Amino acid sequence: MRKRTALAYAIAILIFASSAHADDPAATFDPIKTQLLPFYNDDWSIYTTATAIYQGYPSFHAAYSGAQSLPASSQWKNLEVVDLFIGRRLWQGGAIYIDPQFYRGFGLNGTIGMAGFPDGEANKGGTDYIAPLLARAYFQQTFGFGGPTETIDRGPNQLGEVVDVSRLTVTAGKFSYTDIFDNNSYAHNPETQFMNWSFMDSLAWDWAQDSKGYAWGGVIEWNEKDWALRYGAMAPVNTINGDRFRLHGINELDHAIELEERYNFIDRPGKTRWLVFYNREMAGNFSEALAMGGDIDTALATTHEYGREEYGFAVNIEQQILDDLGAFARLSWNNGQNENFGFSQANESIALGLSLQGKKWGRDDDVVGFAVAMNGISNVQRKALQAGYTTGLIIGDGNLSYSGESIMETYYNYKFADYASFGPDYQFALNPSYNTDRGPVNIFAARLHVGF
């Protein structure tokens, strides 16, 4: 089955590669879409992307393993994700977007075993068969304030349009918090950029999501030339790694506010995003559970209580250094007193990286990246893991000899057509799951991506 899937991808890409050579994929495929879909015009945006990832590692040292450990024996996994992005203009400034998704496969060990998980396309609800999912379904309305305008190109989840630079945009429905927040030009898209969770998003921002990475809620964004201000409120799920959303009014929502500053530093463009968040969820409290004694997982389950507070911040910087070289940095933290509920098990994280285009070796559209990260957890979560905590989001070895989880990643994205790329990825993980008794782990991947 896996060989047939990989072969189908290869055949599809070869067909497209032999039939289109335009500089802009939209210029290549929009006439085809118009022929196939007579209704297709400027009021529509229809795009599709497909990503296939084959990832694994050789065996590594482990003094012991637990319920949520990355297995010490060698393993290799593959997964495929196909998205169909459909947008339709309703009226001036108003549009709806839907994203039917088809997913097959799992991340390593079922997406369990490292806080900085090595595959950003892997969700916590994988399947052995091709499973359909309505990933996004939302309404968006933009209100212009007049003055200078800018052109936004048509693309996935984006209609082509001319909008006022000074504008207010309201988004409501089902989508991913990180569709709008915590963006970064060099590290945000695991389909073609860094794959590790530590780099694609701010790891200690425990944003609301189901097991597939999406949630219901709304965002208001005010945009100006040099800055943007965003506020979002999303509904959390009712259990860790769950798919059913829980809402007790506005008192139980995951809130986020982000200020994005745009500037030139030494005549080079840069951006800094300042994000703060506040969550109220049905989570367990580590201190209360530890005070009970006995089995820590059982004790934590008895401390689950509505309104557990989690708060923190994230700072996200991107800066062009040369025409073909950019740098990024992420710093994030949360209070770490209760169970993490959304993204990963991390209470602090710092990540730094570089992204270099291939102009110097005659491959202008190729990109090579290199990044390092250090992730950590609070003292009270360390004690819980030492006591055998194994029912959290993503890690739990049954014991813990603590040290920060250190990750290095490098990748090469070879763009062999205007709409397709392929490349290798390598990650080195020291102290996976914050445990010096396990690892290091050498993780290798091959990634194929098509979008048109």
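Structure: see above.
Just so you know, the residues in each chain are numbered from 1, in the order the chain's sequence is written. Predicted model: local features are reported for residues with pLDDT of at least 70 only, side-chain atom pairs are reported and counted for 80 or more only, and whole-chain, interface and lining totals are derived from all residues. Excluding hydrogens and water, the side-chain figures rest on all heavy atoms present in the structure.

**With respect to the overall build of the protein**
So, point 1. Scanning the protein from N- to C-terminus turns up 6 helices and 18 strands.
So, point 2. Using C-alpha atoms as the atom set, the radius of gyration is obtained and then compared with a globule rule of 2.2 Å times the number of residues to the power 0.38. Against the compact-globule benchmark of 22 Å for 452 residues, the protein has a radius of gyration of 22 Å, which places it among compact chains.
So, point 3. Taken over the C-alpha atoms alone, the protein extends approximately 65 × 50 × 45 Å along its principal axes.
So, point 4. The buried label applies to any residue whose accessible area, calculated with a 1.4 Å probe on protein chains only, is under 20% of its type's maximum; exposed applies above 50%, and partly exposed to all values in between. Of all 452 residues assigned to the protein, the portion counted as buried reaches 56%.
So, point 5. Working rule for contacts: check all heavy atoms of both residues, and any pair within 4.5 Å makes them a contact. Taking contacts inside the protein between residues at least 6 apart in sequence as the whole, the part at least 24 apart equals 69%.
So, point 6. A total accessible area of about 18,900 Å² is found for the protein, and carbon and sulfur atoms account for 60% of it. Helix numbering and strand numbering both begin at the N terminus, where a helix is a DSSP run of H or I of at least 4 residues and a strand a DSSP run of E of at least 2. Accessibility throughout is a Shrake-Rupley quantity obtained with a 1.4 Å probe, and a residue counts as covered only by protein chains that appear here.

**Section: empty space enclosed by the protein**
So, point 1. Only protein atoms enter the 1 Å grid used here. Points where a 1.4 Å probe fits but cannot escape make up a cavity, open sets with protein on both sides within 12 Å along at least five of seven lines make up a pocket, and a residue lines them when an atom lies within 4 Å of a point. Grid points are joined across faces, edges and corners, and a volume is the space filled by probe spheres set on the points. Inspection of every chain in the model, using the stated rule, returns 3 cavities of 30 Å³ or more.
So, point 2. In this structure, the largest cavity encloses a volume near 60 Å³.
So, point 3. By residue class, the composition of the lining of the largest cavity is 3 nonpolar, 4 polar and 2 charged. Amino acid classes used here: Ala, Val, Leu, Ile, Met, Phe, Trp, Tyr, Cys and Pro are nonpolar; Asp, Glu, Lys and Arg are charged; the rest, including Gly, are polar.

**Details of the pattern of salt bridges**
Side chains bearing opposite charge may pair, as long as their charged atoms lie close to each other.
So, point 1. By salt bridge we mean one thing: a side-chain nitrogen of Lys or Arg within 4 Å of a carboxyl oxygen of Asp or Glu. Summed over all chains, the structure comprises 20 salt bridges.
So, point 2. Linking Lys360 and Asp324 is a salt bridge whose minimum nitrogen-to-oxygen distance equals 2.8 Å. A residue pair is termed long-range when its members are at least 10 positions apart, and Lys360 in the loop between strand 14 (348-358) and strand 15 (363-376) and Asp324 in the loop between strand 12 (305-322) and strand 13 (325-334) qualify at 36 residues.
So, point 3. Classification of Lys360 by relative accessible area gives exposed; the value is 62%.
So, point 4. Within the structure, one salt-bridge network assembled from shared partners comprises Glu221, Arg230, Glu258, Glu260, Arg262, Arg273 and Glu318.

**What to know about the nonpolar core**
So, point 1. One finds Phe181, Phe199 and Trp205 to be the most contacted residues of the largest nonpolar core, which totals 67 residues.
So, point 2. Formed by 5 residues, the second largest nonpolar core is a distinct cluster that contains Ala417, Ala420, Val450 and Phe452. Only buried residues count toward a nonpolar core. Its members are Ala, Val, Leu, Ile, Met, Phe, Trp, Tyr and Cys residues joined through side-chain atoms within 4.5 Å.

**Considering the pairing of strand 15**
So, point 1. Bridge count between strand 14 and strand 15: 11 bridges; the pairing is antiparallel. The residue bridging Gly358 from the neighbouring strand is Arg363, located in strand 15.
So, point 2. At least two DSSP bridges between two strands are required for those strands to pair. Linking strand 14 back to strand 15 in an antiparallel pair, the connection comprises 4 residues, with Gly362 at a positive phi of about 75 degrees.
So, point 3. As judged from the 9 bridges shared by strand 15 and strand 16 (residues 405-417), these two strands associate in the antiparallel manner. For Asn375, the partnering residue across the bridge sits in strand 16 and is Glu405.

**Looking at unusual backbone geometry**
So, point 1. Of the consecutive residues Gly439 and Pro440, the connecting peptide bond is found in the cis state with omega at 5 degrees.
So, point 2. In this structure, Pro440 sits in the loop between strand 17 (420-430) and strand 18 (441-451).
So, point 3. In this structure, Asn109 is a non-glycine residue whose phi angle is positive, near 55 degrees.
So, point 4. With respect to the element layout, Asn109 can be found in the loop between strand 3 (94-105) and strand 4 (127-144).
So, point 5. Located in the positive-phi region is Ser433, a residue other than glycine, with phi close to 60 degrees.
So, point 6. With respect to the element layout, Ser433 can be found in the loop between strand 17 and strand 18.
So, point 7. Accessibility expressed as a relative area gives 4% for Ser433, which makes it buried.

**Section: the side chain of Thr142**
So, point 1. Structurally, Thr142 can be placed in strand 4.
So, point 2. Discounting chain neighbours no more than four positions away, the residues touching Thr142 are Gly93, Arg167, Leu168 and Thr169.

**Re helix 6 (residues 379-386)**
So, point 1. Where helix 6 is concerned, the buried positions are Val380, Gln381, Ala384 and Leu385. Relative to the axis of helix 6, the buried residues are bounded by an arc of 140 degrees and lie together on one face. The exposed residues of helix 6 that point more than 90 degrees off its buried face are Asn379 and Lys383.
So, point 2. Against helix 4 (286-292) and helix 5 (296-302) lie the buried residues of helix 6. To be clear, the arc concerns the directions from the helix axis to the C-beta atoms.

**Here we look at the side chain of Ser378**
So, point 1. Relative to the helices and strands, Ser378 is located in the loop between strand 15 and helix 6.
So, point 2. Owing to a relative accessible area of 13%, Ser378 belongs among the buried residues under this scheme.
So, point 3. Any N or O atom pair separated by 3.5 Å or less is treated as a polar contact, with the protein-specific requirement of one donor-capable and one acceptor-capable atom, and with residues adjacent in sequence counted only for side-chain atom pairs. At 2.7 Å, the side chain of Ser378 forms a polar contact with the backbone oxygen of Gly336.
So, point 4. If near-sequence neighbours (up to four positions away) are discounted, Ser378 is found in contact with Gly336 and Asn347.

**Focus on the packing of aromatic side chains**
So, point 1. Each Phe, Tyr or Trp ring (for Trp, its six-membered ring) is paired with any other whose centre lies within 6.5 Å, and the angle between the two planes then decides the class: stacked below 30 degrees, edge-to-face above 60, tilted in between. According to the stated counting rule, one finds 24 aromatic pairs in the structure shown.
So, point 2. An angle of 50 degrees between the planes, with centres 5.5 Å apart, marks the rings of Phe117 and Trp197 as tilted. Here Phe117 is found in the loop between strand 3 and strand 4, whereas its partner Trp197 is found in helix 3 (residues 197-200), with 80 residues between them in sequence. Each member of the pair, Phe117 as well as Trp197, carries the same accessibility label: buried.
So, point 3. Judged by centre distance (6.1 Å) and plane angle (55 degrees), the rings of Phe181 and Trp205 are tilted. Of this pair, Phe181 sits in the loop between strand 7 (167-175) and helix 3 while Trp205 sits in the loop between helix 3 and strand 8 (215-223), and the two are 24 residues apart along the sequence.

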